[in-house]
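Examining the three-dimensional arrangement
For reference, the chains in residue letters:
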Amino acid sequence: MTRYLSVLSLQMRTSVSQAMAYRANFLIEIVISMAWVGIALLPLLVLYDQRTMVAGWDRPSALVVMAYFMGVKAVLEGVVTPSLVGLVEKIRSGSFDYVLLKPMDAQFMVSAHSFSVEKVFDLLAAIGLAIYAFYERGQAPSAPDIALGIALFAGGVLAMYSLWIVCAAASFWVVRLDNLIYLLGAIFDTARWPIHIFQGVWRFVFTFMIPVAVMTTFPAMALLGRLDPRTAVATLAGSVAMLVISRIVWRSAIRNYTSASS
Amino acid sequence: MRSAFSRTLRAMPTLLRVGVAETVAYRAEFLVWMLTSTMPLIMLALWTSVAAEAPFQDFTSADFVAYYLAVLIVRNLTGNWVAWQIAEEVRMGILSMRLLRPIHPFIAYAVLHISAVPFRSMIALPLCVILLLSSGASALTTEPLQIALLLPSILLAWLITFGIMFALGGTAFWITQNFGIVNFYFGLWSLLSGYLLPLALLPQALRTIAKWLPFHAMLGAPVELMMRHLSSAQVAELIGRQVAWAVASILIGLAVWRAGVRRFEAVGG
Amino acid sequence: MIRAQELTKYFKVHRRQPGFANAMKSLVHRKYDTVKAVDGVSFTIERGERVGFLGPNGAGKTTTLKVLSGLLHPTSGSVEVAGHVPFKREPQLLGKITLVMGQKSQLIWDLPPAETYAMNRAVFDVDQADFDKRLGELTELLELGDLVDKPARQLSLGERMKCELAAALLHGPTTLFLDEPTIGLDVAMQVAIRDFVRSYNQRHEATVLLTSHYMDDVVALCPRIIVIDQGKLIHDGDLRALIKTMDPDKRVSFTLVESISDDELAKLGTLLSKEAQRITLKVADREIGTVVGHLLGTLKAADLAIEDPPLEDVLRQMFGRAKAPPP
């Protein structure tokens, strides 16, 4: 266990020193991230310019959902994406074999390989947005709501991570993961909006087939004190289930790889 | 000069064929690429839901459906990934090979991406067109002038998109890790071209910027030709701006490339 | 100790015919062929041996190494390395073995090798003192100098290979699988790496399995050779014995002052080459005495040399027969 922690801390230290070595790049990334925040908010602002309430969600509440979206995205883009992109490269060049020769779990090595440290600012922006939303609302969240909000945030991150791992596992068969990453990112884009805004078949698709509600809408509702306990528990259980399933898929992908590669 | 041109011309069929083969080589990944243009679909889901109770700023649900399907169609026909491709080739150090070939990279990449269009569009495009004609037909224009100019407009949009993407890719000569710039560009493009939101819904200031930059000409223009009733003067202005931007983007692309290659050769591959 | 018993590995490979129509067909229906990469190979290697795997491209050498290092499950047969079953990839075994693939890099591309070394140390949980000692030894033997502090992508092929070897050995493995380690390197670097491998083998009693296209690697380094062709084991033993089995005739080269007719030469042996006055004949072992006597005595040949056939010729002969066309 300690070995895993020491490897993780070593990875983080390496990523930070790399970021500091390319300081200009680091700063540009931050500026670009902030610009993206602005671009992302625009449709929401356009929407609420005309309507005060959409599907039962007012502007501050919708902003909370957006904040959760930004937060989950920040964690994913900071931790998971860089490592998984590295995985694609490794499989393509054949260097992935070296990962299998190390006495550490391959999924861990592949997930925590490198970090994009500048995403910390995105996370801070997300928290800032949430704080602003509650300011606009005029009412702060209660302590239990905050606790539940954080727990479900973690659940949302884990749910998204599980989807990534399933895609990464698919890359063993398909080799070119890049577009799968874009696809997942594109689908995840729906998580910007409260799931209730989508009507009919869309809502069904997004809630059950790609459990987007899990990642942002429900955690936002928890923070806003609008989530009933049963749904909260079910959501957390859902995240755990996704984690377990993704682990099974990953292991079967490795088994297949070690059987088929030449 | 003439021999280079005829050489290029003679190589076309092979380039096209290989481009197709490359695209087809990875079955699943190309399927994914086709599906990747989901942003308009998400926006479509959002706005049709919002407009279901009442039209949003003159856009009914049907209008939104037609709009985003049109966006998808144009995007499908004009989108390309040459910016990422160039950056990748510079990073992997294989761009030098391309520079040694007798065909100018602008053309080589262009051919590759044109040849990918039929495959990318194979399933999605007919589907979108059918959907558009069936459910969104009421929102489509019936002006013969606009319909006649549609194909040229899309071709111009393709050219502009390619030229700008080519220039963007060229930034890799200076900044190898140019994903940030390309992504930022994509963000601007998705907002200002009409990809994310119909330009009519944006504040006036942004609408003006979109028209003065190439963004509107890349996507919004052909979509407007399809959707709205425009006067001949408006049509002329639209096409005129597209032509101007087509020329400009090719020049910009070639200039960036030339400067980039010079730097590349100075610094070493 | 390494033991393989009737080791077999088959692959299913998708074969795509060229042409447009076939490209479209391959979208919906893929045709798979079974490739017998390794077909019933058995051998036993003791601790401390240096063994070379030879064979033409696609013979199954790399696949065998991958099975031995646990990267591939065998289709059938048994494999045992240092008392473990490799494909279980147990941590104790992984700490004892190492695989170096000449064409694939384990160094982190954008970072100096030193960072990869630090990472490997953490991953293999190597004691800091042991690590420092080993790194010192490897730096000296491989003449790494300050290479380890330059980003890997800035190193030349040879420099990178040296750093790769160091990365592979920092956890002190006692079994080395080397797959084409000298590919693409210049002669001086090849020699340096050979010397290094030999000294590592001697210092640490480490078992070395080497595959290489360069005969010199194998000849210089490996007293024992295993020849694999089309997945089957053709020869397992001493290098000289291999040459003797395949081509027992000697090569006799000499220079003649007076010219001699081809018929006369044919009586002595098979003519291999005749350049200016330098002639090379293939002579059966038992006739060497008579032929040499005749050459020196009657023909007054000068600069006489008697040699074993070069390994390349032997192998070309072994693998040179017509192969079945690909299905």
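What counts and what doesn't
- Residues numbered from 1 in each chain as written.
- Chains lettered and ligands numbered in written order.
- Predicted model: local features only at pLDDT ≥ 70, side-chain atom pairs only at ≥ 80, totals over all residues.
- Helix = DSSP H or I, 4+ residues; strand = E, 2+ residues; numbered from the N terminus.
- Buried ≥ 20, exposed ≤ 12 C-beta atoms within 10 Å, placed from the backbone.
- Contact = placed C-beta atoms within 7 Å.
- Pairing = 2+ DSSP bridges.
- Axes fitted to C-alpha atoms, helices over the stretch in contact; angles between N-to-C directions.
- Domains from an automatic or database assignment.

**Concerning the overall build of chain C**
When helices and strands are tallied, chain C shows twelve helices and 13 strands. Here the C-alpha coordinates of chain C stretch approximately 75 × 55 × 40 Å along the principal axes. Across the 327 residues of chain C, 37% fall into the buried class. Long-range pairs, those at least 24 residues apart, make up 71% of the contacts in chain C between residues at least 6 apart in sequence.

**Concerning the pairing of strand β1 (residues 2-14) of chain C**
A regular strand places its side chains so that they alternate between the two faces of the sheet. Residues and elements named next belong to chain C. Both β1 and strand β2 (residues 32-45) contribute to a ladder of eleven bridges, which runs antiparallel. For His-14, the partnering residue across the bridge sits in β2 and is Tyr-32. Judged from the five bridges that link them, β1 and strand β4 (residues 76-81) form a sheet pairing that is antiparallel. Paired with Thr-8 across the strands is Ser-76, a residue of β4.

**A look at the sheet that holds strand β10 (residues 250-255) of chain C**
The pairing of strands in a sheet happens through backbone hydrogen bonds and is either parallel or antiparallel. Residues and elements named next belong to chain C. In spatial order, the strands read β11-β12-β10-β13; together these four strands make up an open sheet with antiparallel pairing. Each of the sheet's edge strands pairs with one partner strand only, and the pair in question is β11 (270-275) and β13 (302-307). Strand-to-strand, the axes of this sheet are offset by a mean angle of 15°, without reference to chain direction.

**Observations regarding helix α2 (residues 61-68) of chain C**
Residue and element names in this part refer to chain C. For α2, the tally of buried residues reaches eight of eight residues, placing the bulk of the element in the interior. What α2 keeps buried is the set Lys-61, Thr-62, Thr-63, Thr-64, Leu-65, Lys-66, Val-67 and Leu-68. Directly beyond the C-terminal end of α2, a positive phi value near 90° is found at Gly-70.

**Brief notes about the domain arrangement of chain C**
Domain parsing of chain C yields domain 1 (2-244) and domain 2 (249-308). Centre-to-centre, using C-alpha coordinates, domain 1 of chain C lies 43 Å away from domain 2 of chain C.

**With respect to the environment of Pro194(A)**
Residue and element names in this part refer to chain A. The topology assignment puts Pro-194 in the loop between α8 (178-188) and α9 (201-209). Of the residues examined, Pro-194 has 22 C-beta atoms within 10 Å and is grouped as buried. Along the primary structure Pro-194 and Ser-9 are separated by 185 residues, whereas in three dimensions their C-alpha atoms are 36 Å apart. Ignoring anything within four residues of it in the chain, the contact list for Pro-194 reads Ala-55, Trp-57, Ala-62, Val-65 and Thr-217.

**Comments concerning the pairing of strand β5 (residues 97-101) of chain C**
Residues and elements named next belong to chain C. With five of five residues buried, β5 is to be regarded as a mostly interior element. Judged by which residues are buried, β5 turns out to be covered on both faces: Ile-97, Leu-99 and Met-101 on one side and Thr-98 and Val-100 on the other are all buried. Pairing geometry for β5 and strand β6 (residues 175-179), over five bridges, is parallel. From the neighbouring strand, Met-101 faces β6, where its bridge partner is Asp-179.

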